[in-house]
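Coordinate inspection notes
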Amino acid sequence: MLSSVLLPCLTFCGAFTLTFALSKLAQLRRPTRAKLPYPPGPTPLPFLGNVLDIDRAQPWVSYTEMQKKYGDIIYTKLLGSDYIIVNTYDAAKALLEQRSSVYSDRPVFPANKLFGIDFNTVLQPYGDTWRLHRKLFHHSLRGETAIRYQNLYLEKAHGLLANLLDAPEGFEGHFRGFVASIVMAQTYGYETQPRNDPLVGAVDMLIRLLAVALSPERMAIFKAFPALEKLPSWFPGAGFKRDAVLARGLAKQVNDVPFEFVKRSLAENTARPSMVSDLLSSFDESEDNNAQERAMKATAATVFIAGSETSSSTLHVFALAMLRYPEVQKRAQAEIDSVVGRDRLPTFEDRETLPYVECIWRELLRWHPVVPLGIPHATSADDVYGGYYIPKGATVMMNVWAMTRDDRRYANPEIFDPSRHLAPTPDGSDKLALKPESVTNDPIFGMGRRICPGRYMSDALMWAAIVSILAAFRIEKATDRSGREIEVEEKFTPGLAM
Ligand code: HEM
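A brief look at the structure comes next.

About the cut-offs
- Residues numbered from 1 in each chain as written.
- Predicted model: local features only at pLDDT ≥ 70, side-chain atom pairs only at ≥ 80, totals over all residues.
- Heavy atoms only, no water.
- Helix = DSSP H or I, 4+ residues; strand = E, 2+ residues; numbered from the N terminus.
- Buried < 20%, exposed > 50% of the residue type's maximum accessible area, 1.4 Å probe, protein only.
- Contact = heavy atoms within 4.5 Å.
- Areas by Shrake-Rupley, 256 points an atom, 1.4 Å probe, with all protein chains shown as cover.
- Core = buried A, V, L, I, M, F, W, Y, C linked by side-chain atoms within 4.5 Å.
- Pairing = 2+ DSSP bridges.
- Donors = N, O, S within 2.8 Å, 3.2 Å for Na, K, Ca; no water.
- Near = heavy atom within 4 Å.
- Polar contact = N/O pair within 3.5 Å; in protein donor to acceptor, adjacent residues only side chain to side chain.
- Axes fitted to C-alpha atoms, helices over the stretch in contact; angles between N-to-C directions.
- Parallel < 35°, antiparallel > 145°, perpendicular 65-115°, else oblique.
- Left-handed = near helix turned anticlockwise from the far one by under 90°.
- Salt bridge = Lys/Arg side-chain N within 4 Å of Asp/Glu carboxyl O.
- Expected span 1.5 Å × (residues − 1).
- Phe/Tyr/Trp six-rings, centres within 6.5 Å; stacked < 30°, edge-to-face > 60°.
- Lys NZ or Arg CZ within 6 Å of the ring centre and 35° of its normal.
- Nonpolar A, V, L, I, M, F, W, Y, C, P; charged D, E, K, R; others polar.

Along its length, the chain carries 17 helices and six strands. When each of the 498 residues of the chain is scored for burial, the buried share is 48%. Summarising the internal contacts of the chain: among those between residues at least 6 apart in sequence, 74% fall at separations of at least 24. Approximately 24,900 Å² of the chain is accessible, and the part contributed by carbon and sulfur atoms is 57%.

Structural data, given as C-alpha cells:
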C-alpha cells in the first residue's frame, strides 16, 4: 500500500527533479551575453558602429585585413546591427554546416519587399516557403538533371563562339547573352532573340536596380532608418522610391510573362523540355496548388536573378586570367589539341581526360570569387563558438575572399595557378587532386542548407564555355595603332556579383 502511494509520488518528484535539473542545465548551456564576450573586432563608434573601418567598395578586403589583428571570427557593428564575419573555411564549416539549424536564416532586407522581389529564394526567410523552393530546385537542378542539359550548354557555347568570331570587341555582351540564352532555355524552353530580347532586357534592368538597392550599406541604412521607406518619391533624396516602383513592375513581368508562355506552350503542345514545364507536369497533388504555382514562378524567376550575373562575371574572370597568364592558356590548348585533336570541338565525354582545363575552372572560382562575401546568413538562436557569444539575429558573412587567399591552404594565393589543383602521379601525367564534383562543394557556392542550388548547372555551363573558347580562339591583348599591346587593368565593378 505504502509503496503504491509512494511510487507515483517518487515518480512525480523524480520527473519534477529531472525537469528542474534539465531546465537549469539548459539555462546554463544557453549562452548569455553577460558571461561571454562577442568575438574580437574593431571598437565601434556610438551609433555609426564600424562603418568607417570598412572599405565600402571592397568590404571583403577590409575584413581580410582585420583577420590579421582579430582572428578567424570577427564582430562588427554597423548602424546598430550585429555582424559576424567568418574568415576561415573550418570555422565556416563548423557554423554554417555543422550548426546549420541555427545559421540558415537570412537577415531582413527591407528593400526586398519595397522593390517587389520578396518572391526570390535567395533572401527568403528560413521557413516553409523556402523549404518548398528548395524542393523544387532539388527536383530540377540536382546533379543528374544538369546532365540532361549538357547538349544545350554545348549548343549555346558554339553560338557564343560564332558571336565572338563575328565581333570579338563585344565579348562582354556575348558572355551575358550566352548565360541568358541558357537560363531562358533551361528554365522556360524560351529561345532568346540574339539582340534586344524584351524579357532579357526586363531582367537585366531589374538586376541593375537591385544591385544598388540590396547593397549592404543600403540595407544597413534602411534598417537603421525604417521611416525612409515611408518618404514620398518626390522628396529630395528619395529617388530610390521611383526605382522601387519601376522594380516592382519589372518583378511582376519577370514572374508572370515567361511562366504564362510555358503554360500556353503546354496547352498548344509546343512546349520544349524545361524546368517549368517539368514542374508543371509533376504537380504534387498533396500540396496546395496556388502555393505550388507561386513557388514555381518564384524559383524560375530566381534562376535568372541568381544565376546570370554570377555566371557571366565568372566568364569575365576567365578572359582576364587568360590575358594575364598566356602560358596557362597555351598549356590548356596543348592539352585540348592532344586529347580532342583539331577536327572537332570538345564534348562532355572529353571532360575527364582534360584535367588541366578542369583546374582552370577551379582556379577561376578561387582566384576572383564573384560573390566574395557570400550571401549573408542570419542566426535564428543565440550561440557560442570558440568561447564567444554570437547573438540571435546577427548577420553572418562568409568571407570567401579571405578563405581563397588563405596562404595555409594556397601558396602564393594572388597568382592564378591552375596546377595547384593537380596531384603528382608516378608516371608524370596530369591528375586532378580532387574529384571534379568537389569544386561544387567549395566555399565559393556557400555552405550548409543554403548552399547554391545552381552549382551543378553553373559547373556544366561554365565548363562548356571555357573549353569551347580555348579550343577555338587565342585570347590576347588588343593592340594600339602602333601595334603595341594595350595593358589590362584588373578592375571590378560591384553588382549582385562582382
Ligand atoms: C558562378 C556561378 C555562381 C556562384 C559563384 C554562386 C554563388 C552562390 C552563393 C555564394 C550563394 C549563397 C550560399 C549561402 O548562402 O551559403 C548562392 C545562393 C544561391 N544561388 Fe548561386 N551561384 C552561382 C550560380 C547560380 C546559378 C546558375 C543559379 C541558378 C539556379 C543559382 C541559384 C542560387 C540560389 C537560388 C541561391 C539561394 C539559395 C538559398 O538561399 O537557399 N546560382 N549562390
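From this point on, the discussion continues.
Turning next to the nonpolar core. Core analysis: the largest hydrophobic core is formed by 133 residues, its most contacted members being F115, Y153, F178, L206, I360, L364 and F416. At 15 residues, the largest contribution of residues to this core is made by helix 13 (residues 289–324). Ignoring sequence-local partners within four residues, the contact set of L364 consists of T314, V317, F318, A321, F416 and I466.

For the rest of this paragraph, the subject is the pairing of strand 1 (residues 73–78). Counting buried positions along strand 1 gives five out of six residues, so the element sits mostly inside the fold. Relative to strand 2 (residues 81–86), strand 1 runs antiparallel, the two being bridged by six bridges. Following the sheet pairing, I73 is matched in strand 2 by V86. In sequence, strand 1 turns back onto strand 2 through a hairpin of two residues, with L79 there showing a positive phi of about 45 degrees.

Glancing now at the coordination of the iron atom of the ligand. Only one protein atom coordinates the iron atom of the ligand: C452 (SG), located 2.3 Å from the metal. Here C452 is to be found in the loop between helix 16 (400–404) and helix 17 (455–472).

Let's shift gears to the site of the ligand. Taken together, 24 residues surround the ligand, and among them R106, W130, R134, H377 and C452 come closest. Contacts to the ligand include V122, whose backbone N or O atom sits 3.5 Å from an oxygen atom. Contact between the ligand and M447: an oxygen atom at 3.2 Å from a main-chain N or O atom of the residue. Those elements that place two or more of their residues in the shell around the ligand are helix 5 (128–141) and helix 13. At six residues, helix 13 tops the list of elements feeding residues into the shell around the ligand.

So, about the packing of helix 9 (residues 198–213) against helix 11 (residues 239–267). Contact pair helix 9 / helix 11: the axes reach a minimum separation of 9 Å and the direction vectors enclose 140 degrees. With respect to helix 11, the element helix 9 is oriented oblique. Helix-helix and strand crossings are classified by hand; for helix 9 and helix 11 the assignment is left-handed. Along the contact surface, helix 9 presents L199, A202, V203, M205, L206 and L209, while helix 11 presents D243, L246, A247, L250, A251, Q253, V254, V257 and P258.

Our next topic: the pattern of salt bridges. Summed over all chains, the structure comprises 25 salt bridges. The partner of D459 in a salt bridge is R351, with the nearest N and O atoms 3.0 Å apart. With D459 in helix 17 and R351 in the loop between helix 14 (326–340) and helix 15 (355–367), this pair connects stretches of sequence that are 108 residues apart. For D459, a relative accessible area of 11% translates into the label buried. What emerges from the salt-bridge pattern is a single network uniting K156, E191 and R272.

What follows covers helix 13. Taking 1.5 Å per residue as the helical rise, helix 13 with its 36 residues ought to reach 52 Å, and the 52 Å between its terminal C-alpha atoms agrees with that figure. Judged by how many residues are buried, helix 13 sits mostly within the fold: 26 of 36 residues are covered.

Let's shift gears to the packing of aromatic side chains. Each pair of aromatic rings is reported with the distance of its centres and the angle of its planes. Under the criterion given, the structure shown has nine aromatic pairs. Here the aromatic rings of F348 and W463 are separated by 5.0 Å at their centres, their planes lie at 45 degrees, and the arrangement is tilted. Note that F348 is positioned in the loop between helix 14 and helix 15 and W463 in helix 17, a separation of 115 residues in sequence. Across the pair, exposure class does not vary: F348 and W463 are buried alike. Ring geometry for W367 against F416: centres 5.2 Å apart, planes inclined by 70 degrees, an arrangement best described as edge-to-face. Placement of the pair is W367 in helix 15 and F416 in the loop between helix 16 and helix 17, with a sequence separation of 49 residues. You'll find W367 and F416 in the same group, each marked buried. An aromatic cluster of three or more residues is present, and its members are Y38, Y75 and Y389. Between R366 and the ring centre of Y410, over which it is positioned, the NZ or CZ distance is 5.1 Å.

Look at helix 14 against helix 15: their axes get within 8 Å of each other, and the N-to-C directions meet at 140 degrees. In terms of orientation, helix 14 and helix 15 fall into the oblique class. The segment helix 14 lies against helix 15, with V328, R331, A332, E335 and I336 engaging P355, Y356, V357 and I360. Of the residues belonging to the contact of helix 14 with helix 15, the class tally is seven nonpolar, no polar and two charged.

So, on to the sheet that holds strand 6 (residues 395–398). Backbone-to-backbone hydrogen bonds join strands into a sheet, with any given pair of strands oriented parallel or antiparallel. Taken in spatial order, the four strands of this open sheet run 1-2-6-3, and their pairing is mixed. Every other strand in the sheet has two partners, leaving strand 1 and strand 3 (377–378) as the edge strands with one partner each. Where strand 2 and strand 6 come together, four bridges link them in parallel fashion. The residue of strand 6 that forms the bridge with I85 is M397. The sheet contacts of helix 2 (residues 59–70) involve strand 1, strand 2 and strand 6, and relative to strand 1 the element is tilted by about 120 degrees.

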